[in-house]
Amino acid sequence: MRRTPALIVGGGPAGTAAAIALARAGDPPRLIERTTEPHEVVCGAFLGWDALAALRRLDLDPARLGARPIHRLRLVADVGQVETRLPRAAAGLSRRCLDEALIDAARAAGATVERGRSVRAAEPSRRAVRLDDGNEILADALFLATGKHELRGAVRPRDTSRDPVGLRTALSPSPRLDRELEGVIELHLFDGGYAGLLLQEDGCANLCLSVARRRIKRAGGIPNLIRRLSDELPALKARLAEADPVGWSAVSGVPYGWWARGTEPGLFRLGDQGAVIASLAGDGIAIALESGLQAAAMREAGAEAFQHRLGERAAFPLLVAEGLRRCAEHRLPRHVLMRLVQLFPPLPRLAARLTRIAP
Ligand SMILES: Cc1cc2nc3c(=O)[nH]c(=O)nc-3n(C[C@H](O)[C@H](O)[C@H](O)COP(=O)(O)OP(=O)(O)OC[C@H]3O[C@@H](n4cnc5c(N)ncnc54)[C@H](O)[C@@H]3O)c2cc1C
């Protein structure tokens, strides 16, 4: 069987960034993406300045896609709220819009994008994948970019005792939400997780939660959980009073804080398949884009060298983000954290810098 020189599995930010960069370097890859059309993703839709810089390197301008500028961070908890300026300009853009623009750019750069096909399993030692129609593809270089979704044969370790669940919906446009969220990323902290809110290009507010599975179980489902959180956090209740949150998407088993310590020859693990930062830090998209760009640049150096480099770059931001996540999720450390931030408002700016893959 003829081998495909470069095969990418997954057309999210990581896979498409690699596809664009490889195609531009004269090595147009084949990219397999299971969705057939624009779709929403469980994500907070926050683009940090490092994600914006990576998008510029890919010749994509989020402002032209309608991204809403963000300059401030508002932290809200049961002990009050604090607002502070972000170190640099960020933006809010739905993943529906971002991912579609990246797929279009990959096609335009010369990549062969095959949508509506799903990879069922991988055999990394042979750099082989099996598709849902039973066909097999062998590759010289296999770029694994299935993000939050595990691929049989290449699964990441998972700590089921902590098992956070990601939830996402959109709140319909409202003049009040527009006024109060203009230029802001708002994070509501609570026991077991947080809720993030920001405005996106279509005027809706993206509402995304990362929450411990036990909290959803204890509440008896998502609608009950939202009611309980509203009772705990009056500021969140006020936001939700503007629009009833319905139509939730969910993803579970996100291994926050994990990164690949190694890989097999020819297997490049990109994005969430290479390093998973706590979502609270809002840097997963930047890591995905950077890893795609870097894998393409290090294609000749080999997968092991690439994976080592990615681990080196991501380890520190991942560890800081994990520490912050654990503090924010527990009452006492959260109260200490909020008190410190109230006393020293520049602290979140420092935390935001320390959790970026690129300064
Ligand atoms: C609750 C939550 C909130 C978050 N909020 C933010 C935020 O605000 N800002 C931020 O920067 N990051 C955020 N993140 C992290 C961010 O979503 C991820 O880091 C990022 O999406 C990773 O990109 P990726 O390309 O690796 O994977 P993904 O975005 O997951 O893309 C993977 C792609 O692969 C495709 N695919 C999957 N399996 C297969 C298969 N078998 N065959 C073919 N195709 C397949 C999928 O359809 C998808 O298109 C958040 C994460 C969570 C869980």
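Description of the structure in this document. Remember, it's a predicted structure, so these values are computed and weren't measured experimentally.

About the criteria used
Residues numbered from 1 in each chain as written. Predicted model: local features only at pLDDT ≥ 70, side-chain atom pairs only at ≥ 80, totals over all residues. Heavy atoms only, no water. Helix = DSSP H or I, 4+ residues; strand = E, 2+ residues; numbered from the N terminus. Rg over C-alpha atoms; globule rule 2.2 N^0.38 Å. Buried < 20%, exposed > 50% of the residue type's maximum accessible area, 1.4 Å probe, protein only. Contact = heavy atoms within 4.5 Å. Areas by Shrake-Rupley, 256 points an atom, 1.4 Å probe, with all protein chains shown as cover. Lys, Arg positive; Asp, Glu negative; His and termini not counted. Charge placed at Lys NZ, Arg CZ, Asp CG, Glu CD. Polar contact = N/O pair within 3.5 Å; in protein donor to acceptor, adjacent residues only side chain to side chain. Salt bridge = Lys/Arg side-chain N within 4 Å of Asp/Glu carboxyl O. Pairing = 2+ DSSP bridges. Near = heavy atom within 4 Å. Axes fitted to C-alpha atoms, helices over the stretch in contact; angles between N-to-C directions. Left-handed = near helix turned anticlockwise from the far one by under 90°. Nonpolar A, V, L, I, M, F, W, Y, C, P; charged D, E, K, R; others polar. Core = buried A, V, L, I, M, F, W, Y, C linked by side-chain atoms within 4.5 Å. Patch = residues over 30% accessible without salt bridge, like charges linked within 9 Å, V, L, I, M, F, W, Y side chains within 5 Å. Disulfide = S-S within 2.5 Å.

When helices and strands are tallied, the chain shows 11 helices and 15 strands. Relative to the 2.2 N^0.38 estimate, which gives 21 Å for 359 residues, the radius of gyration of the chain is 20 Å and therefore close to what a compact globule would have. Taking the principal axes of its C-alpha atoms as reference, the chain extends roughly 60 × 40 × 35 Å. The proportion of buried residues among the 359 residues of the chain is 58%. Pairs at least 24 residues apart make up 71% of the contacts formed inside the chain by residues separated by at least 6 positions. Carbon and sulfur atoms make up 53% of the accessible area of the chain, which totals about 14,900 Å². Here the chain contributes 52 positively and 41 negatively charged side chains, and the mean placements of these two sets differ by 3 Å.

So, about the side chain of Thr263. Position of Thr263 relative to the elements: it lies in the loop between β14 (249-252) and β15 (267-269). By relative accessible area, Thr263 is classed as buried at 18%. Within the local environment of Thr263, its side chain forms a polar contact with the backbone oxygen of Leu267, the two atoms lying 2.6 Å apart. Other than its neighbours up to four places away in sequence, Thr263 contacts Arg269, Ala303, Glu304 and Gln307.

Take the environment of Asp283 next. With respect to the helices, strands and loops of the structure, Asp283 is situated in the loop between β15 and α8 (284-297). Here Asp283 falls in the buried class, since its relative accessible area comes to 0%. Along the chain, Asp283 and Ala352 lie 69 residues apart, while their C-alpha atoms are 9.2 Å from each other. Polar side-chain contacts of Asp283 include one of 2.9 Å to the backbone nitrogen of Ile357.

Another point: the pattern of salt bridges. One pass over the structure, following the stated rule, counts 38 salt bridges. Measuring nitrogen to oxygen at the nearest pair gives 2.7 Å for the salt bridge that ties Arg74 to Glu83. On the basis of relative accessibility, which here comes to 35%, the residue Glu83 falls in the partly exposed class. Among the salt bridges present, the one from Arg117 reaches Glu114, with a minimum N-O distance of 2.7 Å. Put simply, Arg72, Arg74, Glu83, Arg176, Glu180, Glu186 and Arg239 are held in one network by salt bridges that share partners.

Take the pairing of strand β5 (residues 80-92) next. As judged from the 2 bridges shared by strand β3 (residues 46-47) and β5, these two strands associate in the antiparallel manner. If you follow Leu47 over to β5, its bridge partner there is Ala91. In this structure, the hairpin formed by strand β4 (residues 68-77) and β5 is closed by a connection of 2 residues.

Here we take up the site of the ligand. The immediate surroundings of the ligand are formed by 36 residues, with Glu33, Gly44, Arg95, Val119 and Asp272 found nearest. Arg34 places a polar main-chain atom, nitrogen or oxygen, 3.2 Å from a nitrogen atom of the ligand. Between the ligand and the protein, one listed contact pairs an oxygen atom with a side-chain N or O atom of Arg95 at 2.6 Å. Coverage of the ligand by the protein amounts to 96% of the 1,000 Å² it exposes when considered alone.

All right, on to the packing of helix α2 (residues 49-57) against α8 then. At a minimum axis separation of 8 Å, α2 and α8 run at an interaxial angle of 35 degrees. Both α2 and α8 take part in a crossing whose hand is left-handed. In this structure, α2 uses Asp50, Ala51, Ala54, Leu55 and Arg57 to contact α8, whose residues at the interface are Ala286, Leu289, Glu290 and Leu293. Residue composition of the contact of α2 with α8, by class: 6 nonpolar, no polar and 3 charged.

One finds Ile8, Leu47, Leu102, Phe143, Phe268, Leu270 and Leu289 to be the most contacted residues of the largest nonpolar core, which totals 66 residues. In terms of residue count, the dominant contributor to this core is α8 (8 residues). Apart from the residues within four sequence positions on either side, Leu289 is in contact with Pro13, Ala17, Ala51, Ala54, Leu55, Leu58 and Leu102. Core analysis: the next-biggest nonpolar cluster, separate from the first, contains 22 residues, Leu171, Phe190, Leu207 and Ala219 among them.

Taken together, the side chains of Phe316, Leu332, Val336, Leu340, Leu343, Phe344, Leu347, Leu350 and Leu354 make up a nonpolar region of the molecular surface, amounting to roughly 830 Å² of accessible area. Mapped by element, the contributors of at least two residues to the nonpolar patch are α10 (331-343) and α11 (347-354). When residues in the nonpolar patch are grouped by element, the largest group, 4 residues, is from α10. Among the secondary structure elements, Leu354 is positioned in helix α11. Relative accessible area serves as the criterion here: at 33%, Leu354 is assigned to the partly exposed category.

Here we take up the state of the cysteines. One pass over the full model with this rule turns up 0 disulfides. Considering cysteine sulfurs only, Cys208 is the nearest to Cys43, which forms no disulfide, with 6.4 Å between them.

Of all the 10 residues making up β4, 7 are buried; the element is thus mostly covered by neighbouring parts of the structure. Judged from the 9 bridges that link them, β4 and β5 form a sheet pairing that is antiparallel. Bridging across to β5, Pro69 finds its partner in Ala91. Direction of pairing for β4 relative to strand β11 (residues 184-190): parallel, over a ladder of 5 bridges. Looking at β11, one finds that Leu73 is bridged to Ile185.

Just geometry here; none of it tells us what the structure is for.
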